[in-house]
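Chain and residue survey
The lines below spell out each chain.
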Amino acid sequence: MEQIELIATTTFGLEAIVKRELQNLGYNDLMVENGKITFKATEKDIPITNLWLRSADRVLLKMGEFKAISFDELFEKTKALPWDEWITEDGKFTVEGKSVNSKLFSISDSQAIVKKAVVEKLKTKYKRDWFEETGAKFTIEVSLLKDIATLTIDTSGSGLHKRGYRTQSVEAPLKETLAAALIQLSYWNKDRFLLDPFCGSGTIPIEAAMIGKNIAPGLNRNFASEGWPRIKKEYWQDARREAWDVMVKDFDLNIIGSDIDKKAIELAKENVANLGLEEDIKFITKDFRDFKFRDNYGVIICNPPYGERIGEEKEVDKLYKDMGEIFRKLGTYSIYVLTSSEDFERLYGKDADRKRKLYNGRIKVDYYQYYGPRPPRN
């Protein structure tokens, strides 16, 4: 089978997590750059990576990469790429673009040039001057960085954070891909108790349950490349069948999500019901200050309010102080907090064992990690 190159894109700061996910799936020839990991693959790997990558944003098919400092150069080198091997005669394709530190800084002009070059290539293959574009969807991206053009086709469609279980969400929800990364950056595993005391619509507990049960995150959704004739339907069928086969079905998890917002908890219960994981996650309406904790080597992973709105600062400062007073007493717990507050450690009353810079949407945040002891072996 012909070898291709795929790119797993990711939010800044999560490259190492996505790299590890790819390695766990069996991919070793990896090139890591800011916001993306490029790897060698085959057509069969398009379904596998779309179904299984938890913290990546998208899986892109890399068509080519070259230097381009003029529109003529961009046109000719784009036209030379094998678009006709992927885009069908009736294929509907759009072109998106971005440009950073490049002579070709006009994104709209670059998009138009790439569109024209692809059409010219397809004219040569299909011997026609006009295309109906009523078939499968192909989204091409031209990315210009320091005069290097990278041309890709998006195999995912909707971003990979759209798992298919969320019916609605609370305001400013945590992205599923980031939630999955927070869990993978923690000491939590399926044998340990997990609490998210600010769970909102349940993203962290649900993503943890999917990891604990080994549920492929993309199992309940569709992808743009499922409509591409080049990728055989049996590849998708085989990948989905295998994902069902490797699920952990005979193990009950101990996960609790709580929030003082009753509406958020109702949404969380709806979301978890869509996955059939009600037995593994308990959602309750409760203030974290009212919890009676057992010293059971538990793990707390949370994304508390940031106080981004005017007037909320004092309230959030008190919240962080209360968190410190309560959580610092939990001697066997490992505690992980995502927040944009640069004063968090001072308010919490303890320096983190490790602090990791991440982004929650466009907000720069830090992931404060407090390590507890490992549980004794049974």
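Going by the structure above, here's the rest.
Residues numbered from 1 in each chain as written. Predicted model: local features only at pLDDT ≥ 70, side-chain atom pairs only at ≥ 80, totals over all residues. Heavy atoms only, no water.

**Here we look at the packing of aromatic side chains**
Both the distance between ring centres and the angle between the ring planes are used here to describe each pair of aromatic rings. According to the stated counting rule, one finds 17 aromatic pairs in the structure shown. For the pair Phe-344 and Tyr-368, a centre-to-centre distance of 4.9 Å together with 35° between the ring planes defines the contact as tilted. Of the two residues, Phe-344 is situated in helix H10 (residues 344-348) and Tyr-368 in strand E14 (residues 363-370); the sequence distance between them amounts to 24 residues. Each residue in the set Phe-198, Phe-288, Phe-291, Phe-293, Phe-327 and Tyr-333 is aromatic and connected to the rest through ring pairs, giving one cluster. Looking at Lys-286, its charged tip hangs above the ring of Phe-291, at a distance of 5.2 Å from the centre. Above the ring of Tyr-187, the side-chain terminus of Arg-374 is found at 4.7 Å from the ring centroid. (Phe/Tyr/Trp six-rings, centres within 6.5 Å; stacked < 30°, edge-to-face > 60°. Helix = DSSP H or I, 4+ residues; strand = E, 2+ residues; numbered from the N terminus. Lys NZ or Arg CZ within 6 Å of the ring centre and 35° of its normal.)

**Things to note about the sheet that holds strand E6 (residues 137-145)**
One open sheet holds the 7 strands; their spatial order is E2-E3-E1-E4-E7-E6-E5, and the pairing between them is mixed. Looking at strand neighbours, the two that pair on one side only are strand E2 (30-33) and strand E5 (92-100), the edges of this open sheet. On average, each strand axis in the sheet is inclined to that of its neighbour by 30°, with strand direction left out of account. In this sheet, E6 lies alongside E5 in parallel orientation, the contact comprising 9 bridges. Each residue of the ladder has a partner; that of Val-100, found in E6, is Leu-145. In the packing of helix H2 (residues 45-52) onto the sheet, the strands contacted are strand E1 (4-9), strand E3 (36-41) and strand E4 (58-67), and the crossing angle to E1 comes to about 10°. The strands touched by helix H3 (residues 71-79) within the sheet are E4, E6 and strand E7 (148-154), with E4 carrying the most contacts at an inclination of about 120°. (Pairing = 2+ DSSP bridges. Axes fitted to C-alpha atoms, helices over the stretch in contact; angles between N-to-C directions. Contact = heavy atoms within 4.5 Å.)

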